[in-house]
Amino acid sequence: METIPANLPRGEDGYVKWDQVDIDSLTLPAGDDMGIVSDDEDVNVEEVKSESGFGNVVVVDNLPKVPSAKVEKLTTVLKKIFGQIGLIRENGLVMPVDDTGSTKGFAFVEFHGAAEAAAAREQTDGYKLDKAHVFKTSSFDDFAKFERVPDVYEQPKPKPWTPKENTQSYMLDERGRDQYAIRFGDATEIHWNDAQKSAPVEVYKRDFWTESYVQWSPRGNFLATVHRQGVALWGGPGFTRFQKFSHNGVQFIEFSPCERFLASGSTHDEGREATVLVSFFDTRSGAKLRSFQGPISEFAVGSGARGGLTWPVFKWGGPSPDGAFFARMKKDQISVYEAPTMTLVDKKSISLEGVIDFCWSPADPILSVFQPEQGGGNQPARVSLISLPSKKEIRSKNLFSVSDVKMYWQQSGDYFACKVDHHTKSKKSIYSGFELFRVKEPNCPMEVLELPDKNQKIVAFAWEPKGHRFAVIHGDGARPDVSFYTMIDKDSAINKVKLIGTLKNKTANHLFWSPQGGTIVLAGLKTMNGQFEFFNVDEMETMASAEHFMATDVEWDPTGRYVTTAVTSVHQMENGFHVWTFNGRLLYKHGRERFYQFLWRPRAPSLLGAEKEKEIAKNLKKYSKRFEELDDAIRNAQDSHLAAEKQGVLDDWNKWVAARKAEMEAPAYAAKVEALMRARYPGWKPGGDEDVVEEQVEVEDIISVEEEPYVGGMMM
């Protein structure tokens, strides 16, 4: 910046007197910035400028070579593919042709911005137009880089190794606490759940961390944030960014159970029919493994009876030593793919006529599928269990007069249930029952369960996560019944379903089992205004009843020690969450305006075997002693801190009293009092009788008041 001329009039303080300066006579520095450089003028210059000036142009190779008659059709197809990623400039799609008018097999696509071009390169590189043509998409600037490649290879210098943060550090907490994420307003926060302090302890906080929502990975290693440009993964004590994935307009994400793969999905409205794009990424390298794209009708097959397109379109299978499986439903078939090759198992789909629903076992690569009745009821409906990768059918059941079917897997994969709604011959009424499969027993035996009143409405069904029991809410009134069943009948020679007990007239419409089993929360959400009952199924007794007015969500922590109830922004008032113990004791409340999400952080699978866990449970007192001592130390520290605060207040009070007493005993204070008394009472003498004035006062107390009727002028 040029210096201010010395001949300008200045005051005694050295500053220019601008009111005495003729502005028109001044010569200003050249340039729009008047010679003043902005602090951030040179920031990210390299990111904005491209090497060739064509940063918004991509080159697409390996296109079909078509004659002039088909150029317009191919152009339309390319505009449809690239137009959903970004805005193409007018006449911005060019395909060079030879002397005969046939295309040369590549094209230039010019977007309005470099960011759109970068997204197009990321999303379409490897796009499969057909079996013979897979796109190879590059930035125009890449060609300048290729030209600078030296003829003689020079080995690059190795980059210094920098260790990444431990994504499982939260599992090393000495007190065994769990973390959770909350999202409200523009903020996202991570907290420890500190039961001893009955308060959350903040771990990390960030504003504008996501533009949509956040989601933990299945084993809790990463927190995923969703943005318009794609998805980012964060982890470690400082929540640093581990990976990012480009997917313009992403709406949904889904991790594989092993966390190694991530699926992202989006819908794009174009022309007559919306399109769906689903991409699969490797969470370690960030590489895109495969993309699936097509009209929404291809991804909503069978959902006519289910209410439209639902996410996830591709569903991940349970853990398997043979790899990770995922599947999608098509017309009359289910296509099962395996990762990381992302190819069809056995290179062909599973043919299932009329299939409209499927789901995976959470614990094993077993697929359950439902096929409705065909041919006007002449061909029965069917529920099947299929093992992967062999595609062998484990068990199937034909069903008649079926109106609808809902499928439920137990978390351990031991049991599978179908709630079947049957209709009468007249189709005027519906009655329900359950088909129960013992998946891991020899030959997968099954049985039918019907409620005492099969015409009752089934409100909710839930398996015990670790165990052999399930709960059913059934009834037509405002206060339905809750029944508990077991799949193991100890009084019978063979296993069969048995009723444990029924609770009558409960304010409940949702069931939430503890992850460890044994305890369940009977929740009355939505129309029931947040009524909760904490129930011990082992003892068949209610531990506590509670209320969280207008509660919309219930979520157990991964250990089954605590449960959260929340009121989200669905309601405008009372937003926030409450944390309870498993037996219904309120630990603390946490209010937040515009509250969107509460997510407990999952824990990694236990490294202990079943026998070791049983041994620990048997000797729990021995192992819990250390934690009890730690809890006592924390309580003592809290008590000591409180006692120290009280002692500090008492010491301050005693110090103030001593100072006032010393002041009053000083001669100067006595002289001041004497002067004041003489001024107010002439003739007053210190220590005289005038200091004391005695006065006798009579006080009359009314002991009681009685009222008597007045009769004939006489008191009675």
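Residues numbered from 1 in each chain as written. Predicted model: local features only at pLDDT ≥ 70, side-chain atom pairs only at ≥ 80, totals over all residues. Heavy atoms only, no water.

1. Describing the overall build of the protein
And step 1. Scanning the protein for helices and strands turns up eight helices and 45 strands.
And step 2. Scored against the burial criterion, the 716 residues of the protein give a buried share of 39%.
And step 3. The long-range share in the protein, meaning contacts at least 24 apart out of those at least 6 apart in sequence, stands at 45%.
And step 4. Accessible surface computed for the protein: about 42900 Å², of which carbon and sulfur atoms make up 51%. (Helix = DSSP H or I, 4+ residues; strand = E, 2+ residues; numbered from the N terminus. Buried < 20%, exposed > 50% of the residue type's maximum accessible area, 1.4 Å probe, protein only. Contact = heavy atoms within 4.5 Å. Areas by Shrake-Rupley, 256 points an atom, 1.4 Å probe, with all protein chains shown as cover.)

2. Quick look at the sheet that holds strand β32 (residues 469-474)
Sheets are built from strands that pair by backbone hydrogen bonding, the pairs being arranged parallel or antiparallel.
And step 1. The four strands are arranged β31-β32-β33-β34 in an open sheet whose pairing can be described as antiparallel. The sheet is open, and its two edges are formed by β31 (458-463) and β34 (498-503), each paired on a single side. Neighbour to neighbour, the strand axes of the sheet diverge by 20 degrees on average, direction disregarded.
And step 2. Two strands pair when backbone bridges link them, and strand β33 (residues 481-486) and β34 are joined in this way by five bridges, in the antiparallel orientation. Looking across to β34, one finds that S483 is bridged to T502. (Pairing = 2+ DSSP bridges. Axes fitted to C-alpha atoms, helices over the stretch in contact; angles between N-to-C directions.)

3. Considerations on the nonpolar core
And step 1. Formed by 20 residues in total, the largest nonpolar core has its most connected members in L78, F82, V109, F111 and F135.
And step 2. For this core, the elements supplying multiple residues, two or more each, are β1 (57-61), α2 (71-83), β2 (88-94), β3 (106-111) and α3 (114-124).
And step 3. Ranked by residue count, the leading element in this core is α2, at four residues.
And step 4. Excluding anything up to four places from it in sequence, F82 contacts V60, I88, V109, F111, A120, T124 and F135.
And step 5. By size, the runner-up hydrophobic cluster in this structure holds 18 residues, among which are C359, M407, W409 and F437. (Core = buried A, V, L, I, M, F, W, Y, C linked by side-chain atoms within 4.5 Å.)

4. Remarks on the pairing of strand β13 (residues 240-246)
And step 1. Here strand β12 (residues 230-235) runs beside β13; their pairing, made up of six bridges, is antiparallel. Within β13, the residue paired with L233 across the bridge is Q243.
And step 2. Connecting β12 to the antiparallel partner β13 that follows it, the hairpin turn spans four residues, and G236 within it adopts a positive phi of roughly 85 degrees.

5. Points about the sheet that holds strand β7 (residues 179-184)
And step 1. Taken in spatial order, the four strands line up as β9-β8-β7-β43 in an open sheet, and their pairing is antiparallel. The sheet is open, and its two edges are formed by β9 (199-207) and β43 (595-600), each paired on a single side. When strand polarity is set aside, the average angle formed by the axes of neighbouring strands in this sheet is 20 degrees.
And step 2. Bridge analysis of β7 against strand β8 (residues 187-194) gives six bridges, and the strand direction is antiparallel. When the sheet's bridge partners are listed, A181 is paired in β8 with I190.

6. Structural notes on unusual backbone geometry
Most peptide bonds take the trans configuration, and most residues that are not glycine carry a negative phi.
And step 1. Of note, the bond from W311 into P312 is cis; its omega dihedral lies within 30 degrees of zero at 5 degrees.
And step 2. With respect to the helices and strands, P312 occurs in the loop between α5 (296-299) and β18 (315-316).
And step 3. The omega torsion of the bond from L388 to P389 falls at 5 degrees, within 30 degrees of zero and hence cis.
And step 4. Topologically, P389 is positioned in the loop between β25 (381-387) and β26 (392-399).
And step 5. Even without being a glycine, K347 presents a positive backbone phi close to 60 degrees.
And step 6. Here K347 shows up in the loop between β21 (343-344) and β22 (350-351).
And step 7. The backbone of N443 shows a phi angle near 65 degrees, a positive value even though the residue is not glycine.
And step 8. On the secondary structure map, N443 appears in the loop between β29 (430-438) and β30 (446-449).
And step 9. Assessed through its relative accessible area of 73%, N443 is described here as exposed.

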